[in-house]
Amino acid sequence: MTEATDLAAAAGSADPRVGLRAVVALRRLLEGLEHLQVANARHQGWSWQEIADALEVTRQGVHKKHAARMPMRDPRED
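In this report, we go over the structure that sits alongside the text.

Conventions we followed
Residues numbered from 1 in each chain as written. Predicted model: local features only at pLDDT ≥ 70, side-chain atom pairs only at ≥ 80, totals over all residues. Heavy atoms only, no water. Helix = DSSP H or I, 4+ residues; strand = E, 2+ residues; numbered from the N terminus. Buried < 20%, exposed > 50% of the residue type's maximum accessible area, 1.4 Å probe, protein only. Contact = heavy atoms within 4.5 Å. Areas by Shrake-Rupley, 256 points an atom, 1.4 Å probe, with all protein chains shown as cover. Core = buried A, V, L, I, M, F, W, Y, C linked by side-chain atoms within 4.5 Å. Salt bridge = Lys/Arg side-chain N within 4 Å of Asp/Glu carboxyl O. Polar contact = N/O pair within 3.5 Å; in protein donor to acceptor, adjacent residues only side chain to side chain.

Brief notes about the overall build of the chain
Piece 1. Along the chain, the regular secondary structure elements total 4 helices and 0 strands.
Piece 2. When the helices and strands of the chain are read in sequence order from the N terminus, they spell out α-α-α-α.
Piece 3. Burial status across the chain gives 18% buried among its 78 residues.
Piece 4. Restricting to contacts in the chain with at least 6 residues of sequence separation, those with at least 24 account for 27%.
Piece 5. If you sum the accessible surface of the chain, you get close to 6100 Å²; carbon and sulfur atoms cover 57% of it.

So, in structure tokens, the structure goes:
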């Protein structure tokens, strides 16, 4: 089994302590994966709107959440 599979199983535990800890770990894993894929999309030239559409959120929301974590780009490249 993978870490994500183990965590998903633990999140369904009847023991709230186990389930809630698994939820926290899944949230952290998900946030890390989202950042990785947003960075990947930006590196490949995706606009904030394209990323927002893929994540089913607003452009402003995804920009606010991720722009500060992205390396600075030359605006002439856009």
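Notes on the nonpolar core
Piece 1. One finds Val38, Ala41, Trp48, Ile51, Ala52, Val62 and Met70 forming the largest nonpolar core, which totals 7 residues.
Piece 2. Sorting the residues of this core by element identifies helix H2 (16–43) and helix H3 (48–55) as the ones contributing at least two each.
Piece 3. In terms of residue count, the dominant contributor to this core is H3 (3 residues).
Piece 4. When near neighbours in sequence (up to four residues on either side) are disregarded, Trp48 contacts Val38, Arg42, Arg59, Val62, His63, His66, Ala67 and Met70.

Some points on the pattern of salt bridges
Piece 1. Taken as a whole, this structure holds 2 salt bridges when the rule is applied.
Piece 2. Residues Glu31 and Lys65 are paired through a salt bridge, measuring 3.1 Å at the closest nitrogen-oxygen approach. Placement of Glu31 in helix H2 and of Lys65 in helix H4 (residues 59–66) is noted, with a sequence separation of 34 residues between them.
Piece 3. Given the relative accessible area of 35%, Lys65 is considered partly exposed.
Piece 4. Lys65 is the partner of Glu34 in a salt bridge, and the nearest nitrogen-oxygen pair spans 3.2 Å. Of this pair, Glu34 sits in helix H2 while Lys65 sits in helix H4, placing them 31 residues apart in sequence.
Piece 5. Three or more residues are tied together by salt bridges with common partners; here these are Glu31, Glu34 and Lys65.

Some points on the environment of Gln44
Piece 1. Inspection of the secondary structure puts Gln44 in the loop between H2 and H3.
Piece 2. In this structure the side chain of Gln44 is engaged in a polar contact, spanning 3.0 Å, whose partner is the side chain of Asn40.

Some words on the environment of Ala8
Piece 1. Among the secondary structure elements, Ala8 is positioned in helix H1 (residues 3–11).
Piece 2. Look at Ala8 and you get partly exposed, because its relative accessible area is 47%.

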